[in-house]
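Now for the letters of each chain:
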Amino acid sequence: MIGKIFSINTSTQKGVPKDMVKTAVLREHHGLVGDAHAGVAERQVSLLSMEDVEKAEMVYQGSDIDFSPGIFAENITTVGMDLAKLKVGDQLAVGDQAILTVTQLGKVCHGRCAIGQK
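Overview of the pattern of salt bridges
Applying the stated criterion across every chain, the model contains 2 salt bridges. As a salt-bridge pair, Asp 35 and Lys 18 come within 2.8 Å of each other at their nearest N and O atoms. Linking Asp 35 in the loop between β4 (31-32) and β5 (47-49) with Lys 18 in the loop between β1 (4-10) and β2 (19-21), this pair joins segments that are 17 residues apart in sequence. For the residue pair Asp 35 and Lys 18, the accessibility class agrees, reading buried in each case.

See the structure below:
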């Protein structure tokens, strides 16, 4: 499966949309340095396709929600990849050196989730 990174997104707090950044450091067994979800947890980096962001925007058309990359607190927004085809254990090459291993599919919007409060 081949695709591209549309954006890289980080935040210092959990439960809020992430902001796009121009660069980020991906540390092995940690995640994106400075991101609230980085650390020793199993889910360190989350991915979402821009196509799925656009689908959500269509569903909530006319709302005041800004459906920009990072709205669902994803670290990497992809384009041209069918992420729904991934399975736990699959690996993705990101850039020239990083390999991500899929440990979880999907995530639940928790009570503090910014989009869930809209």
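Having put the structure on the table, let's press on.
Describing the packing of aromatic side chains
Evaluated as defined, the whole model comprises 2 aromatic pairs. Consider the rings of Tyr 60 and Phe 67, whose centres lie 6.1 Å apart with planes at 20°: the pair is stacked. Residue Tyr 60 is classed as partly exposed on the basis of its relative accessible area, which comes to 47%. By relative accessible area, Phe 67 is classed as buried at 6%. Between the aromatic rings of Phe 67 and Phe 72, the centroid separation amounts to 6.3 Å while the plane-to-plane angle is 45°, which identifies the pairing as tilted. Here the aromatic residues Tyr 60, Phe 67 and Phe 72 are joined through ring pairs into a cluster of three or more.

Side note on the pairing of strand β7 (residues 91-94)
Burial of β7 is one-sided: the residues Leu 92 and Val 94 facing one way are buried, the residues Gln 91 and Ala 93 facing the other way are not. Where β7 meets strand β8 (residues 98-101), 4 bridges bridge the pair, whose relative direction is antiparallel. Along β8, the bridge assignment pairs Ala 93 with Ile 99. The turn joining β7 and β8, which pair antiparallel and follow one another in sequence, is formed by 3 residues; a positive phi near 75° is taken by Gly 95.

Looking at unusual backbone geometry
For His 29, which is not glycine, the phi dihedral falls at a positive 60°. Summarising the element assignment, His 29 is placed in the loop between β3 (26-27) and β4. Of the residues examined, His 29 reaches a relative accessible area of 64% and is grouped as exposed. Even without a glycine there, the phi angle at Ala 73 is positive, about 65°. Considering the arrangement of structural elements, one finds Ala 73 in the loop between α1 (50-59) and β6 (76-79).

What counts, and where the lines are drawn
- Residues numbered from 1 in each chain as written.
- Predicted model: local features only at pLDDT ≥ 70, side-chain atom pairs only at ≥ 80, totals over all residues.
- Heavy atoms only, no water.
- Salt bridge = Lys/Arg side-chain N within 4 Å of Asp/Glu carboxyl O.
- Helix = DSSP H or I, 4+ residues; strand = E, 2+ residues; numbered from the N terminus.
- Buried < 20%, exposed > 50% of the residue type's maximum accessible area, 1.4 Å probe, protein only.
- Phe/Tyr/Trp six-rings, centres within 6.5 Å; stacked < 30°, edge-to-face > 60°.
- Pairing = 2+ DSSP bridges.

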